[in-house]
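# Topology and contacts: notes
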Amino acid sequence: MQKIKNIAVIAHVDHGKTTLVDQLLQQSGTYADHQEVQERAMDSNDIEKERGITILSKNTAITYGDHKINIIDTPGHADFGGEVERVLKMVDGVLLLVDAQEGVMPQTKFVLKKAIGFGLIPVVVINKIDKDGSDPERVLDEVFDLLVALDANEEQLEFPVLYAAARDGYAKWEMEDESKDMIPLFDAIIEKVPYPKGSPDADTQAQVFTLDSDNFVGRIGITRIFNGKVKKGDEYLLVKADGSKTKSRISKLIGFKGLDRIDITEAEAGDIVAIAGFSDIDVGDSICDKSNPVALDPMHVEEPTLSVIMSVNNGPLAGQEGKHVTSNKIQERLEKEMETNIAMRMEPMGDASFKVSGRGELQIGILAENMRREGFEFMLARPEVVTKEENGVKMEPFEHLVVDVPEEFQGVAIEKLGKRKANMTLLTPMPDGTIRLEFEIPARGLIGFRNEFLTDTKGEGIMNHSYLEYRAYTGTVVSRTPGALVSMDDGEAVAFSIFNLQARGIMFISPQEKVYSGMVIGESARPGDLDVNPLKGKALTNMRTSGTDDAVKLVTPRKITLESAMEWIEEDELIEITPLSVRIRKKSLDANERKRMARDKKNSK
Ligand SMILES: Nc1nc2c(ncn2[C@@H]2O[C@H](COP(=O)(O)OP(=O)(O)OP(=O)(O)O)[C@@H](O)[C@H]2O)c(=O)[nH]1
Ligand SMILES: [Mg+2]
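A brief structural summary. (Residues numbered from 1 in each chain as written. Chains lettered and ligands numbered in written order. Predicted model: local features only at pLDDT ≥ 70, side-chain atom pairs only at ≥ 80, totals over all residues. Heavy atoms only, no water.)

### Details of the overall build of the protein
The helix and strand tally for the protein stands at 16 helices and 35 strands. Here the C-alpha atoms of the protein give a radius of gyration of 27 Å, agreeing with the 25 Å that 2.2 N^0.38 yields for 605 residues. For the protein, the spread of C-alpha atoms along the principal axes amounts to about 85 × 60 × 55 Å. For the protein, buried positions account for 54% of its 605 residues. Nonlocal contacts in the protein, meaning residues at least 24 apart in sequence, comprise 71% of its contacts between residues at least 6 apart. Total accessible area computed for the protein in this model is approximately 27100 Å², and 48% of it derives from carbon and sulfur atoms. One finds the centroid of the 76 positive side-chain charges in the protein at a distance of 6 Å from the centroid of its 101 negative side-chain charges. (Helix = DSSP H or I, 4+ residues; strand = E, 2+ residues; numbered from the N terminus. Rg over C-alpha atoms; globule rule 2.2 N^0.38 Å. Buried < 20%, exposed > 50% of the residue type's maximum accessible area, 1.4 Å probe, protein only. Contact = heavy atoms within 4.5 Å. Areas by Shrake-Rupley, 256 points an atom, 1.4 Å probe, with all protein chains shown as cover. Lys, Arg positive; Asp, Glu negative; His and termini not counted. Charge placed at Lys NZ, Arg CZ, Asp CG, Glu CD.)

### A closer look at the coordination of the magnesium ion (ligand 2)
Think of it this way: four donors in a tetrahedron around the metal ideally sit 109.5 degrees apart, and six in an octahedron ideally sit 90 or 180 degrees apart. With distances of 2.0 Å, the protein atoms coordinating the magnesium ion (ligand 2) are Thr18 (OG1) and Thr54 (OG1). Separated by 36 residues along the polypeptide, Thr18 in helix H1 (residues 17-27) and Thr54 in the loop between helix H2 (46-51) and strand E2 (58-64) bring together distant segments of the chain. In this structure, Thr18 and Thr54 share a single accessibility class: buried. (Donors = N, O, S within 2.8 Å, 3.2 Å for Na, K, Ca; no water.)

### Some words on the pairing of strand E32 (residues 519-524)
Burial analysis of E32 places six of its six residues in the buried class, which makes it a mostly covered element. Inspection of the sheet shows strand E28 (residues 484-487) paired to E32 by three bridges, in the antiparallel sense. Across the sheet, residue Ala484 finds its bridge partner in E32, namely Glu523. Here three bridges tie strand E30 (residues 505-507) to E32, and the two strands are oriented antiparallel to one another. Across the sheet, Gly505 pairs through a bridge with Ser524, a residue of E32. Sheet topology note: the E32/strand E35 (residues 582-586) ladder contains two bridges and is antiparallel. In the sheet register, Met519 faces E35, and the bridge partner there is Arg585. (Pairing = 2+ DSSP bridges.)

### Details of the site of ligand 1
Around ligand 1, 19 residues are found, and the nearest of them are Lys17, Thr18, Thr19, Thr54 and Asp130. Interatomic distance of 3.1 Å between a backbone N/O atom of Asp14 and an oxygen atom of ligand 1. Lys17 is positioned with one of its side-chain polar atoms (N or O) 2.7 Å from an oxygen atom of ligand 1. Relative to its free-state accessible area of 650 Å², ligand 1 is covered by the protein chains to the extent of 88%. A per-element tally of the shell around ligand 1 places H1 first, with three residues. For the shell around ligand 1, a count of residues per class yields four nonpolar, eight polar and seven charged. (Near = heavy atom within 4 Å. Polar contact = N/O pair within 3.5 Å; in protein donor to acceptor, adjacent residues only side chain to side chain. Nonpolar A, V, L, I, M, F, W, Y, C, P; charged D, E, K, R; others polar.)

### Some remarks on the side chain of Arg594
Assignment of secondary structure puts Arg594 in helix H16 (residues 591-604). Residues within four places of Arg594 in sequence aside, it is in contact with Val486, Gly518, Asp531, Lys586, Ser588 and Leu589.

### Some words on a negative patch on the surface
Together, Glu174, Glu176, Asp177 and Glu178 line one region of the surface with negative charge. The topology assignment puts Glu174 in the loop between strand E7 (170-172) and helix H7 (183-192). (Patch = residues over 30% accessible without salt bridge, like charges linked within 9 Å, V, L, I, M, F, W, Y side chains within 5 Å. Salt bridge = Lys/Arg side-chain N within 4 Å of Asp/Glu carboxyl O.)

### So, the environment of Glu48
Mapped onto the secondary structure, Glu48 falls in helix H2. Residues Glu48 and Ile366, spaced 318 residues apart in sequence, show a C-alpha to C-alpha distance of 9.9 Å. In contact with Glu48, other than residues within four places in its own chain, are Met42, Asp43, Ile53, Thr54, Ile55, Leu56 and Lys58. At 3.1 Å, the side chain of Glu48 and the backbone nitrogen of Leu56 are in polar contact.

### Observations regarding the pattern of salt bridges
Considering all chains together, one arrives at 43 salt bridges under this definition. Note that Asp456 is salt-bridged to Lys416, the shortest N-O span being 2.8 Å. Residue Asp456 is located in helix H12 (residues 449-456), and its partner Lys416 is located in helix H10 (residues 410-419); the two are separated by 40 residues in the primary sequence. Here the salt bridges do not stand alone but share partners, grouping Arg219, Lys240, Asp282, Asp285 and Glu339 into one network.

### Notes on unusual backbone geometry
Its identity is not glycine, yet Arg40 carries a phi of approximately 45 degrees, on the positive side. Relative to the helices and strands, Arg40 is located in the loop between H1 and H2. A positive phi angle, close to 50 degrees, is found at Asn391, a residue other than glycine. Note on placement: Asn391 falls in the loop between strand E23 (388-390) and strand E24 (393-406).

### Focus on the sheet that holds strand E8 (residues 205-214)
Strand order in the open sheet made by the eight strands is E12-E11-E17-E8-E9-E16-E13-E14, with antiparallel pairing throughout. Every other strand in the sheet has two partners, leaving strand E12 (245-249) and strand E14 (260-264) as the edge strands with one partner each. Shown here is a sheet whose adjacent strand axes are inclined to one another by a mean of 35 degrees, direction ignored. Two elements, strand E13 (residues 252-257) and strand E16 (residues 272-276), share three bridges in a ladder whose sense is antiparallel. Bridging from a neighbouring strand, Leu253 pairs with Ile275 of E16. (Axes fitted to C-alpha atoms, helices over the stretch in contact; angles between N-to-C directions.)

Take a look at the structure:
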């Protein structure tokens, strides 16, 4: 039987997981000679590459001596936390990376809590020790304190620790040791991570933890084999969470080696392989022996905490830039997404609109970004948290928030967060002179906070948050204060008008950009919306004749991105998304109707 180790690499966002996996791939000699490999090779999809973050967990396998090590690289961003949990069920050990300067962060807590819950003993890797501000000793203390707080058992508290600079390709047992290579980390994996349990001679039991598809063979389940063997061409039973069973033959069996996938004929207990041949294979399904099917526990996936309404674009510019614009097309695309993205949900709401739920703005934003790249056009409303009832009490999701700010911004951060119903739990002066503030805050209070926070801290603040739990609803939290500058006409924006409007607030548009009545073209400097005319061109002719055209100095408009728009918009606004544009508009494009609604709202208060 082959000697196998299965590990997942877990950490807070950006602490260096994918970079570490790069080095493990390279230094194990897994790549063929001259194989061209990009940096952070595991971040293989476009958005991952562009943003430098991992979105989907992915697995790879390396050989080290006489061992095969299956490695799953996981995303560190809180929105993709749903990915991490099911991955942990598939491995026998974790590498917990912690940035030697930043230390324990919200998502470190989230992932470590899950790992401890699965009974895993973490191999702690204090990474980025090359950084100037690094303080490995303090960070190690933080990790230890966290494990104590998480009720880790004796064995888990004796976790092994290594010090590493993944980017520079070394790990070591003691800070004093020579910085050489990754061998200490390979050894730690071999020595400290237990071998898979289960027997190749028992009846087959395997479980799917990720889906993939292949143009030739269709749906593929990436599967951990817990017992027995799987053989290409043999028949097995696919058992679903609801107990239903279907018999099918494995048409293709795929093994992993570095970044390559190879056809294999057989694999056995302990290994991770990809299986094709079951047309309705899903995450969580068990693949079992056909005469003695014993299904594995279905997987628990954390429920979505945020939802947004996606609808057909019905604005005056609809259909000009996208190729998929109908409700049917959108529904089809969303249904396809839900098949593989198990942490998300979709519910048709009638009126050509759909409720899409996920774990955060980024997760929903990435789906929207993928759709616009595929040629879709649609609208998104303001994200709402998913509330639920428990024993007659309305509950809402809370988040653990950590903000790092220079001392002078401590006051404003605390004040602003107080208004958003945040409760401060910890204040720690950091060695670099900044202050670390920790809060528990309703997820609602965080919607739209990032922009405000960055402005308040002159871009120097850093914030991180991660899901905590559902708690009793806390009542109204404040939202955006500035109103919107709303266009009162259809046409192309004129430089001179924009120039004049600059005094009223921050513009979102440039000259010649198409605008329409009810479209939001800027952020007002004051509370309350303001109807403005960006098309007035008469004065421009005057200026031309006076030869002072150059004097029209336009400030660079604020660029509206999908995510910044999701943070910014209010309940009565929508984001219009096409392959070429992201616009913000009022839900109601008619100025009189908006006035009437505002009046009604005021009266009902
Ligand atoms: N100084 C320093 N930077 C590092 C080190 N390891 C990684 N980085 C940098 O940290 C950044 C994030 O690295 P990634 O490997 O993408 O981090 P990650 O944990 O995979 O991030 P997510 O998957 O998005 O959670 C990159 O810019 C790396 O170059 C290190 O040892 N030292
Ligand atoms: Mg990564």
